[in-house]
Amino acid sequence: MKYLVTGAAGFIGFHLCQSLLQTGKSVRGIDDINSYYDIKLKKERLKNLNKSKKFKFKKLDISNFNNLKKTFSLFKPDVVIHLAAQAGVRYSIKNPHAYTKSNLVGFANILECSRLLNIKHLIFASSSSVYGNTKNIPFKEDENLNSPISYYAATKLSNEVMAYSYSHLYRIPITGLRFFTVYGPWGRPDMALSIFTEAIKNNKKLKIFNNGNMLRDFTYIDDVINAVKKIINKKPKYIKKNNSSSFRILNIGNNKPIKLNSYVNLIEKQLQKKGNKVPYKMQKGDVKQTYASLKKIKKLIKYSPKTSISIGIRKFVTWHNEYYKK
Ligand SMILES: NC(=O)c1ccc[n+]([C@@H]2O[C@H](COP(=O)([O-])OP(=O)(O)OC[C@H]3O[C@@H](n4cnc5c(N)ncnc54)[C@H](O)[C@@H]3O)[C@@H](O)[C@H]2O)c1
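Residues numbered from 1 in each chain as written. Predicted model: local features only at pLDDT ≥ 70, side-chain atom pairs only at ≥ 80, totals over all residues.

**Q** I keep staring at the overall build of the protein chain and nothing clicks. Help me out?
**A** When you go through the protein chain residue by residue, the secondary structure sums to eleven helices and 13 strands. Taking 20 Å as the expected radius of gyration for a compact globule of 326 residues, we find that the protein chain reaches 19 Å, a close match to that expectation. By principal-axis analysis of the C-alpha atoms, the protein chain measures approximately 55 × 45 × 40 Å. Taking as baseline every contact in the protein chain between residues at least 6 positions apart, the subset at least 24 positions apart corresponds to 81%. (Helix = DSSP H or I, 4+ residues; strand = E, 2+ residues; numbered from the N terminus. Rg over C-alpha atoms; globule rule 2.2 N^0.38 Å. Contact = placed C-beta atoms within 7 Å.)

**Q** Before we go on, may I ask you to explain the site of the ligand in this structure?
**A** Taken together, 27 residues lie around the ligand, and G7, G10, A85, A125 and F179 are the ones closest in. Residue assignment for the shell around the ligand shows that the elements contributing at least two residues are helix 1 (11–22), helix 5 (96–116) and strand 5 (121–127). With three residues, the top contributor of residues to the shell around the ligand is helix 1. Classifying every residue of the shell around the ligand gives twelve nonpolar, ten polar and five charged. (Near = placed C-beta within 6 Å. Nonpolar A, V, L, I, M, F, W, Y, C, P; charged D, E, K, R; others polar.)

**Q** Before we go on, may I ask you to explain the packing of helix 9 (residues 260–271) against helix 11 (residues 309–323) in this structure?
**A** When two helices pack together, their arrangement is given by the angle between the helix axes and the distance between those axes. Contact pair helix 9 / helix 11: the axes reach a minimum separation of 10 Å and the direction vectors enclose 50°. Classed by the angle they form, the pair helix 9 and helix 11 counts as oblique. The handedness of the crossing between helix 9 and helix 11 is right-handed. Residue-level inspection shows L266, I267, Q270 and L271 of helix 9 in contact with helix 11, the latter providing I309, S310, I313, R314 and V317. When grouped by side-chain class, the residues that make up the contact of helix 9 with helix 11 number six nonpolar, two polar and one charged. (Axes fitted to C-alpha atoms, helices over the stretch in contact; angles between N-to-C directions. Parallel < 35°, antiparallel > 145°, perpendicular 65-115°, else oblique. Left-handed = near helix turned anticlockwise from the far one by under 90°.)

**Q** Would you explain unusual backbone geometry in this entry?
**A** Outside of glycine, negative phi angles account for most residues, and trans bonds account for most peptide bonds. Residue P138 follows I137 across a cis peptide bond; omega there is -10°. Unusually for a residue other than glycine, K76 sits at a positive phi of about 50°. If you trace the backbone, K76 turns up in the loop between helix 3 (65–75) and strand 4 (79–82). A residue is classified by how many C-beta atoms lie within 10 Å of it, and K76, with 12 of them, is exposed. (Buried ≥ 20, exposed ≤ 12 C-beta atoms within 10 Å, placed from the backbone.)

**Q** Looking at this structure, how should I read helix 1?
**A** An α-helical turn contains 3.6 residues, so a residue and the one three or four places further along point in the same direction. Here helix 1 is twelve residues long and its end C-alpha atoms lie 17 Å apart, about the 16 Å a rise of 1.5 Å per residue gives. The buried fraction of helix 1 is high, at nine of twelve residues. Inspection of helix 1 places F11, I12, G13, F14, H15, L16, C17, L20 and L21 among the buried residues, and these make up the whole buried set. (Expected span 1.5 Å × (residues − 1).)

**Q** Honestly, the sheet that holds strand 11 (residues 247–252) in this entry has me stumped. Any pointers?
**A** Sheets are built from strands that pair by backbone hydrogen bonding, the pairs being arranged parallel or antiparallel. One open sheet accounts for seven strands, arranged 3-2-1-4-5-6-11; its pairing is parallel. Each having just a single partner strand, strand 3 (55–59) and strand 11 make up the two edges of the open sheet. Going from strand to strand, the sheet's axes swing by 20° on average, the running direction of each strand aside. Pairing of strand 6 (residues 174–179) with strand 11 involves six bridges; the strand directions are parallel. In the sheet register, F179 faces strand 11, and the bridge partner there is I252. (Pairing = 2+ DSSP bridges.)

**Q** I'm lost on helix 5 in this one. Help?
**A** Taking 1.5 Å per residue, 21 residues should reach 30 Å; helix 5 reaches 29 Å between its end C-alpha atoms and fits that length. Most pronounced at G106, the bend in helix 5 amounts to some 30°. Lining the buried residues of helix 5 we find strand 1 (2–6), helix 3, strand 4, helix 4 (91–94), strand 5 and helix 6 (151–170). N118 lies just past helix 5 and shows a positive phi near 50°. (Bend = angle between axes of the 7 residues up to and from the residue.)

**Q** Explanation requested: the environment of R115 in the structure shown.
**A** By the element assignment, R115 lies in helix 5. Classification of R115 as partly exposed rests on a count of 14 C-beta atoms within 10 Å. In this structure, the C-alpha to C-alpha distance between R115 and F316, residues 201 residues apart in sequence, is 39 Å. When residues no more than four places from it in sequence are discounted, the contact partners of R115 are Y166, Y170 and I172.

**Q** It is not clear to me how the nonpolar core should be interpreted in this structure. Could you clarify?
**A** Judged by nonpolar contacts, the single largest core of 84 residues is most densely connected at V5, C17, I81, V224 and V228. Once residues lying within four places of it in the same chain are set aside, the contact partners of C17 are V5, A8, V27, G29, L49 and F55. (Core = buried A, V, L, I, M, F, W, Y, C linked by C-beta atoms within 7 Å.)

**Q** What is the right way to read the environment of P189 from this model?
**A** Within the fold, P189 resides in the loop between strand 7 (182–183) and helix 7 (192–201). Since 14 C-beta atoms lie within 10 Å of it, P189 is described here as partly exposed. P189 sits 122 residues away from N67 along the chain, and the two C-alpha atoms are 29 Å apart.

**Q** What is the right way to read the packing of helix 1 against helix 8 (residues 221–232) from this model?
**A** At their nearest, the axes of helix 1 and helix 8 sit 10 Å apart, and the two run at 60° to each other. Between helix 1 and helix 8, the angle falls in the class oblique. Read as a crossing pair, helix 1 and helix 8 show a hand that is right-handed. Along the contact surface, helix 1 presents I12, H15, L16 and S19, while helix 8 presents I221, V224, I225, V228 and K229. Counted by class, the contact of helix 1 with helix 8 contains six nonpolar, two polar and one charged residues.

Here you go:
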């Protein structure tokens, strides 16, 4: 089996490639290494992946159809795990164009290349943000959703319907994964955990939105990667008789949301230092809470997230101290 991972220089892509390589798989990674956040971190991740002979990397922008098709045709992957995207809710208010380019045009190109190359299983990253401000707790995959409150969420919700149509028309097995705030070592500098850690360490203002009353279902990276690897081998099958579909959506969350305030307390405890907390109003596009139902994924694979939030934060801070000491 050959695996193509898009967004390989990114946080989740890096961990997935590393884990696939550790089990002897051949992996082709692609990424445009854009400067949305520190390129050095992306390059460091790639440097680690390049240590394996089974890893090959191609710098490529997925919004360029011809280049993407060339890479698909040359590598002929069996499985595509599509993680490349313009991430981040707040930045989508500042620069929606980046989301249109990578998440809509890029995504359409991934679908079309998957069709042309008869991909055996396409797995793509959606997001918990597609649930918007739904009142139905915990969030279930079968809820009819049409009210994204950020453009980022709108592109992810669009990906789900675009993928459904390809799966329906061409019977491509496709799984969309709604990730719930993934965190851990090598994490994204634009996410809360990195921002809070940096601010506390450097005695900077720590902006606490909505008085810290938002709830987030934080999911540790190793739990996410273990789940994705199991899902790769469980492609959805179209069986006319059973009316079963070759398309599915799954939550990958933790099912234990915590308040942002408690999250900050845990980071402070780990750093043994108090932050200079300043209250700010709720940010446009942010949802009040995320909370994953895990019923559907548990039915499919043995999934039970193992990493508690305090252990996860400890592992992140240990990595952060080590990485940024250089
Ligand atoms: N980390 C989370 O908590 C989280 C939560 C929900 C969904 N997701 C989704 O999971 C996926 C991976 O997220 P991540 O946290 O690793 O983000 P990331 O930003 O670290 O990784 C995404 C990678 O995609 C690359 N990329 C962006 N546009 C590209 C393009 N046009 N062509 C080629 N490469 C491109 C970026 O350079 C980056 O390295 C994304 O689709 C994201 O939207 C992440």
